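Structure assessment
Residues per chain, in single letters:
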Amino acid sequence: MRFERREHRPAALVVAAPMIAVAAALAVAGVLIALAGAPVLEAYWKILTSAFGSRLSVTETLTRASPLILTGLAAAVAFRARLWNIGGEGQFYLGAIAVAAASARLFDGWSSAAQIPLLFIIGAVAGMLLLLVPLWLRLRFSVDEVVTTLLLNFVSLLFVSMLIDGVLKDPLAFGWPQSEAVDAAARLPKLLTRSRLHIGLVMAVAIAFAIHFVQSRTVFGVRSRAAGLNPTSAVFAGVPLGRTLVIVAMISGGLAGLAGTIEVLGVKGYVTSDLSPGYGYSGIVVAMLANLNPLGVVLAALFTAAMFVGADGMSRSVGIPTYIADVTVALSLLSMLIAVFFTQYRIRR
Amino acid sequence: MTGPVLELDRISKQFGDNLANHDISLNLAKGEIVALLGENGAGKTTLMSILFGHYMPDSGKVTVMGRELPPGKPRAAIRAGVGMVHQHFSLAPNLTVLENVMTGTESLWLPASNAAAGRKKLLEISERFGLKVDPDARLGDLSVGEQQRVEILKALYNDARILVLDEPTAVLTRIEADKLFSTLKDMARQGLSLIFISHKLDEVMATADRIVVLRGGKLVAERKREETSKAELAELMVGRAVKRPVRDASTPGEVVLEAIGVTVRTGGVDRLKSVDFRLRAGEVLGIIGVSGNGQATLAQLLSGTAQRSAGSLVLFGEETADLTVADAVTSGIGRIPEDRNREGVIGEMTIWENAILERLSRFSRLGLVDRKAGVAFAARIIQAFDVRGGSPTSRVRLLSGGNMQKLILGRNLIEPPRILLAAQPARGLDEGAVAAVHQRILEARRAGTAILLISEDLDEVMALADRIQAIVGGRLSPSLDAEDADARSLGLMMAGEWEEREVVDAV
């Protein structure tokens, strides 16, 4: 048996690949559920109903998906240009803490209309700055950004821990390390009453469409793709490599910072050191599941969010640890990578 | 003589709709050198991949020393004594020569590698065939020619009796190639049997005992070297008589580009040292030289990807500041890069995107790419330059080398440029495609384009250039009119002889 490169990627296969991958991942996860001694079909049914079975569960899934769409886009945009931004988690936290600090200290008493747009900008800029440092190191000294962005996650998280246990500590939180709450006027409007769902979802989806447009239709999109696919040819064709990567990094870091922003302003209202259940890292998975397609990111984020919300409910009723969600998402990433491989190669006997 | 050492019997192989090999039979005797001649895409590499077990044939069988090989098993082929030297080496640049040679020859479960025995065997082989190497050199530090030697040694180390070389000279300079062929002949004298794949008539005629011509997946002819000629082989290979076009007389126009004392310094080294040249409208200036003497930098300078550190560049009568890629493209410099795949195109992008990438500002408004105009532009190129194998929206990766080059030529020539920089424009192309590329260059010359042709191929330069300068160690020789040039004078120029003459004149 051997693999041969396909001349053409059949369109049907490209569309079917993620679905087959997810199905395969669920099947393998089913084996694990069975090994843990729970009824497999019931467990799946619980995951499904817990994620989509009621008004509450649907809004919870969508609330979870909102920051995931943004971190997923952050990874997808960067990876397209072969900028390996693994630092989404750190950028998420830096965006979150910047917004919390600004709202609590600077904008106290401002109106919503004045505060919220400024806070979005502040959160995005914080994420940007954190990614521009590794990019500068790469362009100036050829330092591998996989390492620097990854390690900056820990720097960023520890920095946030320091602030929320120090200068930004909420005196009313009974000693818990959490930041002062953001101004009430800074909270994002809800999409639905009696839910946690906020306008961040609409914004995230709109941004996904905007990025799809930018990548497929604009000069910058073509250039960033060229820079990623073949830097030497791109330079020969006059693509300003450094400038293109800087813009890509600003978009990518900005989106991850924005994810932290909407999570603080839309859901929590303050920053703790467990604000993110790994949204930055899951964003990488989401981007890969979507094969770096911005619109696919929306669907992949929904799937991932549904798995996490569904697994919470499932574990309560059939007694399987919620880790099964992590395992399933990880398995779907692996099977997606295999599926993508098979859209490019075929098996020869 | 005890029968053939290798027999390929009625091999057929189909990829999709493409019949890569159709009913091909071939044999090889002990001590014989057979050349497998054919254009790109004729099925040479597929046939050898079947022999070596990389591909399974759809039908037919391979027999080595009277024993049939199981299909699709490279290990079995190696054990039967077949060695393959790939065009793109399958070596690890971070390992030493000895480590590379021994990789895969020992069981992974051995507690320790028996490097001492390996070294002894390697040195014996290297001695016997006159293939000198340093076993402890890191492979990445070796030149391409030396790396190829290692690849050959690796095959011999595995006790190969039959050696297959896939386009061995594609990456070599002329001198290295000559050396390689004398080594191959020596190996044949010592009883090895060799097959080499090539589309170069000169080397086939100089080296092979027997020549097998493939065309369109079929074996079209088999000739003994003494019974054939270059002209016949060329015709057999292409299927019709091809003649490379030759320039006709012309009167050059005004000077469009002049370099005065230009020095380019990159990475702390002067790659070009105070070079002077003038380029006139409607003429071809040929720059010859052994590769690695500054050609790449000269091409980069005019492409806008390298900047000079001293001297001046006068473009259309005006002194230029730093020349960027955008300046070059908008001022009418067409650019054919030396390495198609690395610099010229982006394989994963579409043909239309590749066609307009260097002219994005023209094919966009307010930052939005005008896809329709881009596709139309690509369609015009495809039509006018006979690019086969893709539509404007298919990916460039699917095109053959010749068609990629036509696309690159097309995007530069469809609107006649004032200057054309052509770096190794025909490298790696088959006879038919070479003729087509030369034809286009001469058409541009007739239309008044000034052409700077950088090439290692003397035949190409002699056929196309009006004047010739040699590049040696980053310096340019004075120019020589093509009428006064012959192989000897050019050889002296490429060896840097002109400098000595200047010294003599000075005394």
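What you see is a predicted model, and the numbers here were worked out from it, not measured in a lab.

Looking at the overall build of chain A
Looking only at helices and strands, chain A has 13 helices and 2 strands in total. Compactness check: chain A gives a C-alpha radius of gyration of 21 Å against a globular reference of 20 Å for 349 residues, within 12% of the reference. Here the C-alpha coordinates of chain A stretch approximately 70 × 60 × 30 Å along the principal axes. For chain A, with 349 residues in total, the buried portion stands at 50%. By sequence separation, contacts in chain A at least 24 residues apart represent 78% of the contacts at least 6 residues apart.

Observations concerning helix H7 (residues 200-217) of chain A
All names here are of chain A. For H7, with 18 residues, the first-to-last C-alpha span of 25 Å sits near the 26 Å given by 1.5 Å per residue. Taken residue by residue, H7 has Gly 200, Leu 201, Ala 204, Ile 207, Ala 208, Ile 211 and Gln 215 as its buried positions. Summarising the axial view, the buried residues of H7 lie within an arc of 120°, below the 170-degree limit, and thus occupy one face. The exposed set on the far side of H7, more than 90 degrees from its buried face, consists of Val 202, Ala 206, Phe 209 and Ala 210. In the core, the buried residues of H7 are packed alongside helix H3 (55-80), helix H8 (219-229), helix H10 (241-268) and helix H12 (294-318).

What about the sheet that holds strand S7 (residues 162-166) of chain B?
Residue and element names in this part refer to chain B. The strand order across the open sheet formed by 6 strands is S6-S7-S8-S3-S9-S10, and the pairing between neighbours is mixed. At either margin of the open sheet sits one strand with a lone partner, and together these are strand S6 (82-85) and strand S10 (218-224). Geometrically, the sheet is characterised by an average inter-axis angle of 20° between neighbouring strands, direction not taken into account. Relative to S10, strand S9 (residues 210-215) runs antiparallel, the two sharing 6 bridges. Within the sheet, the bridge partner assigned to Arg 215 lies in S10 and is Lys 218. Set on the sheet, helix H5 (residues 144-157) makes contact with S6 and S7; between it and S6 the angle comes to about 170°.

Regarding the sheet that holds strand S12 (residues 269-280) of chain B
All names here are of chain B. In spatial order, the strands read S12-S11-S14-S15; together these 4 strands make up an open sheet with antiparallel pairing. Either end of the sheet is taken by a strand with one partner, and the two such strands are S12 and strand S15 (318-319). With 2 bridges connecting them, strand S14 (residues 310-315) and S15 associate as antiparallel partners. The partner of Val 314 across the bridge, within S15, is Glu 319. Its contacts with the sheet place helix H9 (residues 295-303) against strand S11 (255-266) and S12, and it is angled at close to 60° to S12.

Structural notes on the interface of chain A and chain B
Taken together, the contact between chain A and chain B spans 18 residues of the former and 24 residues of the latter. Residue assignment for the side of chain A that touches chain B shows that the elements contributing at least two residues are H8 and helix H9 (231-236) of chain A. Here the element with the most residues in the side of chain A that touches chain B is H8 of chain A; it accounts for 6 residues. Looking at the side of chain A that touches chain B, its residues break down into 8 nonpolar, 5 polar and 5 charged.

A few points about the pairing of strand S21 (residues 467-472) of chain B
All names here are of chain B. Where burial is concerned, most of S21 is hidden: 5 out of the 6 residues are buried. As paired elements, strand S13 (residues 284-288) and S21 share 4 bridges and run parallel to each other. Each bridged residue has a counterpart across the sheet, and for Gly 286 the counterpart in S21 is Ile 468. Where S21 meets strand S23 (residues 480-481), 2 bridges bridge the pair, whose relative direction is antiparallel. Considered in S23, the bridge of Ile 468 is made with Leu 480.

Re helix H1 (residues 11-35) of chain A
All names here are of chain A. The end-to-end C-alpha separation of H1 is 37 Å, in line with the 36 Å expected for 25 residues at 1.5 Å each. Roughly 35° is the biggest bend found in H1, and it falls at Ala 17, with proline Pro 18 one to four residues downstream. Just downstream of H1 lies Gly 37, where phi reads positive at about 90°.

Some points on the pairing of strand S4 (residues 59-64) of chain B
Side-chain direction in a regular strand flips from residue to residue, so the side chains alternate between the two faces of the sheet. Residues and elements named next belong to chain B. Two strands pair when backbone bridges link them, and strand S1 (residues 6-15) and S4 are joined in this way by 5 bridges, in the antiparallel orientation. The residue bridging Leu 6 from the neighbouring strand is Val 64, located in S4. Of the strand pairs in this sheet, S4 and strand S5 (residues 67-68) are connected by 2 bridges, and their pairing is antiparallel. Within S5, the residue paired with Val 64 across the bridge is Arg 67. Remark: 2 residues form the turn of the hairpin made by S4 and S5, two consecutive strands paired antiparallel; Met 65 in that turn has positive phi of roughly 45°.

What counts as what
Residues numbered from 1 in each chain as written. Chains lettered and ligands numbered in written order. Predicted model: local features only at pLDDT ≥ 70, side-chain atom pairs only at ≥ 80, totals over all residues. Helix = DSSP H or I, 4+ residues; strand = E, 2+ residues; numbered from the N terminus. Rg over C-alpha atoms; globule rule 2.2 N^0.38 Å. Buried ≥ 20, exposed ≤ 12 C-beta atoms within 10 Å, placed from the backbone. Contact = placed C-beta atoms within 7 Å. Expected span 1.5 Å × (residues − 1). Arc of directions from axis to C-beta. Pairing = 2+ DSSP bridges. Axes fitted to C-alpha atoms, helices over the stretch in contact; angles between N-to-C directions. Nonpolar A, V, L, I, M, F, W, Y, C, P; charged D, E, K, R; others polar. Bend = angle between axes of the 7 residues up to and from the residue.

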